[in-house]
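Coordinate inspection notes
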Amino acid sequence: MRQTISLKRRQTLKTNLFLFSFVCIPVVLLLVFTYFPAAKLVYYSFTNYDGLSKNPDFVGLYNWKKLFSSSELWSTLLHSGYYIIGGIVQNALALLFAIILNDKLIKGRKAFRGIIFLPFILNGTSVSFMFRYFYNYSKGPLNLALKAIGLKAISWLGTEAIVNWSLAFVCLWRYTGYIMVIYLAALQSVPAEYYEAATIDGANSWQKLIHITLPQIRTIIGLQMFLNISGAINIFDIPFVITNGGPNGASQTLAIQAIEYAFTYKNYGLASAYSLFCTVMIIILYVAQNKVFFRKERG
C-alpha cells in the first residue's frame, strides 16, 4: 500500500515538474528577450550611451528635456496621423470585402480572397521599391496615365502636402487583405442561428449587419484598430525605403528619427527616449480608443 502511494507521489511529482518546465521555458525566454531589453531601454533613456561604452554616464532627464523641446518630435508625431486615417479606411475596406466575400452565393470568392490577400505576402522592401517606381515623376505608371488623359504629372513623393498620403496608400494596399482574412474568420464565428432568427423576424440585410454582425465582432474591430494605431506610430520600412523621411523631413516618422539618432549620431540615449515615447503614445491612444469604442458596452 505504501509503495503504491509512493509511486503515485513520484508520478505526480514528475508530471508537475514536466508541466513546470513547459511553463518555465517560455517565461525565461520572455524575461530574457522582452522584459530585460525593455528595462535596459528605460535605463539607456537616462544616460548618454553611445552604443560602445560599457559604463555610460547617467544624465537624468536631459534626453527627455531635449526630446520634448524639439520641434521635430511634434511634427513627426503628426505624420503618424496620416497612417492612422489610412488605417481607418483600411479597416472599413477590409470589413466590406470580408462581408461580401463571406457570402457563399458569390462565385469565385476564394480567388478574390487570394487576390486581395496577395499584397500582404510580398516582401515589404520589394513593395516599397515597386511603389517608388509607381510614383516616379517622369517614368512612373501613375503619372504616365495622368499625362495620357491630358492632366499634369504630380510629384507624389516630392510634394510635402501629399507625400504622407501617398505612403499611407501603400500601407492600405498592402495590409487590407490581411485584415480582411481576420474579419472573415470573425464573421464565420458568428452563430448562424442569429441570422435565421432575424430573418424570421423580418430583418433585412442592413439590420442584420448593424444589430448582429458588428456587435458580434466588435472586439475584433477594436483589436485591429489598436494594431493599426501601433503600426502607424511605429511605421518604418515603407517611408524609409521610399522617401527616407523626405522631402525636407516631411515624411519623417518616429521610428526613422529614433534609428537616425542611434546609428547616425550614435546617441542611443536619445533614441531610447524616442522609443519609449512611441510606447507611451500607443498606450494613451489605446486607452482613448477603448473608452470611445467600448463606451456603450460598458454602459
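For the structure given in this document, a descriptive report is provided here. (Residues numbered from 1 in each chain as written. Predicted model: local features only at pLDDT ≥ 70, side-chain atom pairs only at ≥ 80, totals over all residues. Heavy atoms only, no water.)

Focus: the environment of Q188
Definition in use: A helix here means a DSSP run of H or I that spans at least four residues, while a strand means a run of E at least two residues long, and both kinds are numbered starting from the N terminus. Only protein chains enter the accessibility calculation, which uses a 1.4 Å probe; a residue whose area is less than 20% of its type maximum is buried, one above 50% is exposed, and one in between is partly exposed. Under this definition, polar contacts are N or O atom pairs within 3.5 Å; protein pairs additionally need one hydrogen-donor-capable and one acceptor-capable atom, and for neighbouring residues in sequence, both atoms have to be side-chain atoms.
With respect to the element layout, Q188 can be found in helix α7 (residues 163-188). By relative accessible area, which is 52% here, Q188 ends up exposed. In this structure, the C-alpha to C-alpha distance between Q188 and I99, residues 89 residues apart in sequence, is 10.0 Å. A polar atom in the side chain of Q188 sits 3.5 Å from the side chain of N102.

As for the nonpolar core
Here is the rule we go by: Joining through side-chain atoms within 4.5 Å is the link that ties buried Ala, Val, Leu, Ile, Met, Phe, Trp, Tyr and Cys residues into a set, and such a set is a nonpolar core. Throughout, a contact is declared for two residues whenever any of their heavy atoms are within 4.5 Å.
The biggest cluster of nonpolar side chains holds 18 residues, and the ones touching the most others in it are L67, L73, L77, I233, L254, Y274 and F277. Broken down by secondary-structure element, the contributors of at least two residues to this core are α2 (62-69), α3 (71-101), α12 (254-264) and α13 (268-293). When near neighbours in sequence (up to four residues on either side) are disregarded, Y274 contacts L67, E72, L73, L254, Q257, A258 and Y261.

Section: a nonpolar patch on the surface
Our working rule: Patch criteria: residues need more than 30% relative accessible area and no salt bridge. Like-charged residues are merged within 9 Å; nonpolar side chains of Val, Leu, Ile, Met, Phe, Trp and Tyr are merged within 5 Å. The Shrake-Rupley method, run with a 1.4 Å probe, gives the accessible areas here. Residue values count only the displayed protein chains as cover. Salt bridge, as used here, is a side-chain nitrogen of Lys or Arg placed within 4 Å of a carboxyl oxygen of Asp or Glu.
On the surface, a cluster of nonpolar side chains totalling about 950 Å² of accessible area is made up of V23, I25, V27, V28, L29, L30, L31, V32, F33 and Y35. Along the chain, V32 falls in helix α1 (residues 2-44).

So, unusual backbone geometry
That bond from G246 to P247 is cis: its omega, -5°, falls within 30 degrees of zero. Its location among the elements puts P247 in the loop between α11 (237-242) and α12. A positive phi angle, near 55°, is found at N244, a position not held by glycine. Within the secondary structure layout, N244 lies in the loop between α11 and α12. Positive phi outside glycine occurs at N248, with the angle close to 55°.

Regarding the packing of α12 against α13
Test applied: Axes, fitted as lines to C-alpha atoms, cover a helix only where it is in contact. Angles between the N-to-C directions of the axes lie from 0 to 180 degrees. Put simply, angles under 35 degrees are roughly parallel, angles over 145 are roughly antiparallel, angles from 65 to 115 are roughly perpendicular, and the rest are oblique. Here a crossing is called left-handed whenever its near helix is offset anticlockwise from the far helix by less than a right angle, and right-handed whenever the offset is clockwise. Residue polarity is assigned by list, with Asp, Glu, Lys and Arg as charged and Ala, Val, Leu, Ile, Met, Phe, Trp, Tyr, Cys and Pro as nonpolar; anything else, Gly included, falls into the polar class.
Their axes nearest at 7 Å, the elements α12 and α13 cross at an angle of 165°. It follows from the interaxial angle that α12 and α13 lie roughly antiparallel. Considering how the two elements wind past one another, α12 and α13 form a crossing that is left-handed. Each of L254, Q257, A258, Y261, A262 and F263 in α12 lies in contact with α13, whose residues at this interface are Y268, L270, A271, Y274, S275, F277 and C278. Residues of the contact of α12 with α13, tallied by class, amount to 11 nonpolar, two polar and no charged.

Observations regarding the side chain of N91
Inspection of the secondary structure puts N91 in helix α3. Here the side chain of N91 touches Y183 through a polar contact of 2.4 Å, side chain to side chain. In this view, N91 contacts I179, Y183, Q224, M225 and N228; residues no more than four positions away in its chain are not counted.

Some remarks on the state of the cysteines
Selection rule: Here, two cysteine sulfur atoms that lie within 2.5 Å of each other are counted as a disulfide.
Here the structure, examined in full by the defined rule, presents zero disulfides. The thiol of C171 is not disulfide-bonded; the next cysteine sulfur, from C278, is found 15 Å away. Residue class for C171 comes out buried when judged on its relative accessible area of 9%. The buried category is assigned to C278, whose relative accessible area is 5%.

Section: the packing of aromatic side chains
We apply this condition: Two rings from Phe, Tyr or Trp (for Trp, the six-membered ring) form a pair when their centres sit within 6.5 Å of each other. Planes less than 30 degrees apart are called stacked, planes more than 60 degrees apart edge-to-face, and all others tilted.
The tally for this structure, following the rule as stated, stands at 24 aromatic pairs. Both rings, one in W74 and one in F277, keep their centres 6.1 Å apart while their planes meet at 90°; by these two values the pair is edge-to-face. Taken together, the residues span a long stretch of sequence, with W74 in helix α3 and F277 in helix α13 at a distance of 203 residues. Take W74: its relative accessible area is 41%, and that puts it in the partly exposed class. Given a relative accessible area of 5%, F277 falls into the buried group. Relative to F240, the ring of F236 has its centre 4.9 Å away and its plane inclined at 20°; by these criteria the two rings are stacked. What makes F240 partly exposed here is its relative accessible area of 36%. An aromatic cluster of at least three residues, connected via ring pairs, comprises F46, F58, W64, F68, W74 and F277.

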